[in-house]
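Topology and contacts: notes
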Amino acid sequence: MDDRQEQTLERYNFQVKNRYRVRGAVLLETEEGLRMLRQCDRPGEHFVFENRVKDYLADKGFTMTDRVIKNTDGEFVTEWESGEKYVVYQWYAGNECDYRNRHELCLAAENLGKLHLALRKMSEEPVSPEENLLERYKRRGREMKRVYRFMKGKKRKSCFELYALACYPEFARKADEAEKRLEQSVYFRENGTGTRDLCHGEYNYHNLIMTADGVATTNFERMAFGMQLMDLAYFFRKVMEKNNWDGEKGKAVLDSYHEVAHLSGEEREFLYIVLSFPEKYWKLMNHYINGKKTWISDKNMEKLKGVKEQEQAKENFLQNVFFKAKEC
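Sequence order as written defines residue numbering, which begins from 1 separately in each chain. Local features in a predicted model are, by the rule used here, given only for residues with pLDDT of at least 70; side-chain atom pairs are given and counted only at 80 or more, and totals for whole chains, interfaces and linings are based on all residues. As a convention, hydrogens and water are excluded, and side-chain values are obtained from all of the structure's heavy atoms.

1. Details of the overall build of the protein chain
- Counting its secondary structure elements, the protein chain contains 11 helices and 11 strands.
- Here the C-alpha atoms of the protein chain give a radius of gyration of 22 Å, agreeing with the 20 Å that 2.2 N^0.38 yields for 328 residues.
- The C-alpha extent of the protein chain, read off along each of the three principal axes, is 60 × 50 × 40 Å.
- By residue count, 47% of the 328 residues in the protein chain fall in the buried class.
- Contacts are assigned to residue pairs that have any heavy atoms within 4.5 Å of one another. Here the contacts in the protein chain between residues at least 6 apart in sequence split such that 74% fall between residues at least 24 apart.
- Charged residues are defined here as Lys and Arg on the positive side and Asp and Glu on the negative side; His and the ends of the chain fall outside this count. Charge coordinates come from a single atom per side chain, which is NZ of Lys, CZ of Arg, CG of Asp or CD of Glu. When the 57 basic and 55 acidic side-chain charges of the protein chain are each reduced to a single mean position, those positions are 7 Å apart. Segments assigned H or I by DSSP are reported as helices when at least four residues long, segments assigned E as strands when at least two residues long, and all are numbered from the N terminus. Computation of the radius of gyration draws on C-alpha atoms, with the globule rule given as 2.2 Å multiplied by the number of residues to the power 0.38. Relative accessible area decides the class of each residue, using a 1.4 Å probe on protein chains only: under 20% of the type maximum gives buried, over 50% gives exposed, and in between gives partly exposed.

2. Looking at the packing of helix H3 (residues 102-118) against helix H7 (residues 229-242)
- In this analysis, axes come from line fits to C-alpha atoms, helices being fitted only over the stretch in contact, and the angle between any two N-to-C directions falls in the range 0 to 180 degrees. Their axes nearest at 11 Å, the elements H3 and H7 cross at an angle of 170°. Here H3 lies roughly antiparallel to H7, going by the angle between them. Facing H3, whose interface residues are Leu105, Ala108, Ala109, Leu112 and His116, H7 presents Asp231, Leu232, Phe235 and Val239.
- Its residues assigned to classes, the contact of H3 with H7 shows 7 nonpolar, 1 polar and 1 charged. Angular relationships are summarised with four words: roughly parallel below 35 degrees, roughly antiparallel beyond 145, roughly perpendicular across 65 to 115, and oblique for the angles in between. Each residue gets one of three labels, nonpolar for Ala, Val, Leu, Ile, Met, Phe, Trp, Tyr, Cys and Pro, charged for Asp, Glu, Lys and Arg, and polar for the others, Gly among them.

3. A short note on the packing of aromatic side chains
- Within 6.5 Å between ring centres, the rings of Phe, Tyr and Trp (the latter by its six-membered ring) count as paired, and their orientation is classed by plane angle as stacked under 30 degrees, edge-to-face over 60, tilted in between. Applying the stated criterion across every chain, the model contains 14 aromatic pairs.
- Judged by centre distance (6.3 Å) and plane angle (70°), the rings of Phe236 and Trp245 are edge-to-face. For the pair Phe236 and Trp245, a shared accessibility class is recorded, and that class is buried.
- Taken together through their ring pairs, the aromatic side chains of Phe150, Phe160 and Tyr288 make up a single cluster.
- Either the NZ atom of lysine or the CZ atom of arginine qualifies as a charge over a ring when it sits within 6 Å of the ring centre and within 35 degrees of the ring normal. In this arrangement the basic side chain of Arg100 is found over the ring face of Tyr99, its NZ or CZ atom lying 5.5 Å from the centre.
- Sitting above the plane of the Trp282 ring, Arg140 keeps its charged end 3.8 Å from the centroid.

Written as structure tokens, this is what we have:
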């Protein structure tokens, strides 16, 4: 632990018995229980809002969250003249959610459903999103086309560029289809320009602790008003990519969320649209165009091949779960 972290801990009313370095933070054993020290880039006002929401969740019975602990000055953020800012969270004993474990994934989906129910209608008036989803898809479609034209115009092409060009027609078609479907989506028309609901913002297996008492939900720093199904789509895409779009596992996760928060036909259609958009291909193209073209990492080539290889499994899953389910 560096000097600045030590100085930060001196401004809290607890005694540290042991400390352990973990991913991007320091886990603390104290007389009052586990705490987590982490550097942050958010202003103190955010954590005031965050803790207010967590207090509200606790009143609703959703108690296992990483509440932010105030320092001896009564502040949520300890900031130094150098610009470094630190926060200390209440923490939990347990393991990160295992994306390979079907039971844990179902518990995580149920937990998200409960969180969403508790966070509905948090604002008196609809709040507009920072970026309209349809405009985002249109922009990303244009960016993919621009990268395609750039690659196509090069006289000497790398293996990555040749493979990306070969993949482009399929992914461009799917991006265009997602955009057109989104324009017709009933759920998006009703919720896409403003909502009273809060989203977690980064609900994934890294931010879930499986404890003896249930699922602890952490890292609310990206919490914002928005369409809650974007939380579900983000979580679902992450775990399904890790599981090669395993149909049985994916259906179990969706059913677990549905049992708590109920997915209507319009919501399922919206979820299909978001999942069908070629997010990973766009990310790789965006990373390519903003990086060095003289040297392309072998890792990027592996990622691109992985995206292409998973696409058929993903397509089969989406068709079987979303369309065959509607026919039954």
